[in-house]
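Fold and contact review
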Amino acid sequence: MADCNHNGNRSKETCVECSIPQMARNNYFTGKLLVERDFVDEQHYFMGKERRHNQLLHGWGVVCGLKVKQHPNPACRDQYVLIEPGTAIDCCGTEIRVGREEYFDFRAAFLAAWQAQNGKDSQPDTNPHKFEICVRY
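First, a word on scope: everything that follows refers to the structure included in this document.

1. With respect to the overall build of the protein
Looking only at helices and strands, the protein features three helices and six strands. Counting all 137 residues of the protein, 23% fall into the buried class. Looking at the protein as shown, the accessible area adds up to about 10400 Å², and 53% of this sits on carbon and sulfur atoms.

2. Some remarks on helix α3 (residues 106-118)
For α3, with 13 residues, the first-to-last C-alpha span of 18 Å sits near the 18 Å given by 1.5 Å per residue. Between a side-chain oxygen at the N-terminus of α3 and the backbone nitrogen of Arg107 the separation is 3.3 Å; the capping residue is Asp105. Once α3 finishes, Gly119 follows within two positions and takes phi at roughly 110°, a positive value.

3. Structural notes on the side chain of Glu84
The topology assignment puts Glu84 in the loop between β3 (80-83) and β4 (86-89). In terms of polar contacts, Glu84 uses its side chain to reach the side chain of Lys69, at 2.9 Å. Apart from the residues lying within four places of it in its own chain, the contact partners of Glu84 are Leu66, Lys67, Lys69 and Val98.

4. Some points on the side chain of Arg51
With respect to the secondary-structure elements, Arg51 resides in helix α2 (residues 36-58). Within the local environment of Arg51, its side chain forms a polar contact with the side chain of Thr94, the two groups lying 3.3 Å apart.

5. A look at the pairing of β4
Covered by surrounding structure in β4 are Gly86 and Ala88 together with Thr87 and Ile89, the residues of both alternating faces. Two strands pair when backbone bridges link them, and strand β1 (residues 61-65) and β4 are joined in this way by four bridges, in the antiparallel orientation. By the bridge assignment for β4, Val62 is matched with Ala88. Strand direction decides the pairing type here: β4 and strand β5 (residues 95-98), joined by four bridges, are antiparallel. Residue pairing for β5: Thr87 is matched across the bridge by Arg97.

6. Comments concerning unusual backbone geometry
For residues that are not glycine, phi is negative in most cases, and the peptide bond is trans in most cases. Despite not being glycine, Leu66 has its phi angle at roughly 55°, a positive value. A relative accessible area of 13% means that Leu66 is categorised as buried.

7. Focus: α2
Look at α2: 32 Å from first C-alpha to last across 23 residues, which is about the 33 Å you get at 1.5 Å a residue. Those residues of α2 not exposed but buried are Asp38, Tyr45, Gly48, Arg51, Asn54 and Gln55.

8. With respect to the environment of Thr87
Summarising the element assignment, Thr87 is placed in strand β4. Its relative accessible area of 13% is what places Thr87 among the buried residues. In this structure the C-alpha to C-alpha distance between Thr87 and Val63, which are 24 residues apart in sequence, comes to 5.4 Å. Apart from residues no more than four positions distant in its own chain, Thr87 is found in contact with Val62, Val63, Cys64, Leu66, Glu95, Ile96 and Arg97.

Reading the values: rules and limits
- Residues numbered from 1 in each chain as written.
- Predicted model: local features only at pLDDT ≥ 70, side-chain atom pairs only at ≥ 80, totals over all residues.
- Heavy atoms only, no water.
- Helix = DSSP H or I, 4+ residues; strand = E, 2+ residues; numbered from the N terminus.
- Buried < 20%, exposed > 50% of the residue type's maximum accessible area, 1.4 Å probe, protein only.
- Areas by Shrake-Rupley, 256 points an atom, 1.4 Å probe, with all protein chains shown as cover.
- Expected span 1.5 Å × (residues − 1).
- Polar contact = N/O pair within 3.5 Å; in protein donor to acceptor, adjacent residues only side chain to side chain.
- Contact = heavy atoms within 4.5 Å.
- Pairing = 2+ DSSP bridges.

See below:
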């Protein structure tokens, strides 16, 4: 399984959580010596089960909330947006939760993305551009 890129498409790189599904359940019995690996395997089993459930039954995307709104102060609206609390599921089935309102500086994020692509001293042109705000685990 592969991790998603910023457009939600599968990429060739894999993340640890997606690439190694834990399908076997731990077998406990009286007298079994429990070591760290047993507890880690148990956690991986249940986390993997939950992620597979999310991924295969529900898919990925916003579950609830995470609405993007204008900044409450009109003077700040040309640089910031407000992201409401909410929950999403990524393409690996991992639950992502934003617990409180977040202010996002989209002007600084756009400039950083532009300079990463066009050189650290370049400035954006005046053409309209599509801008997506993505959250990841």
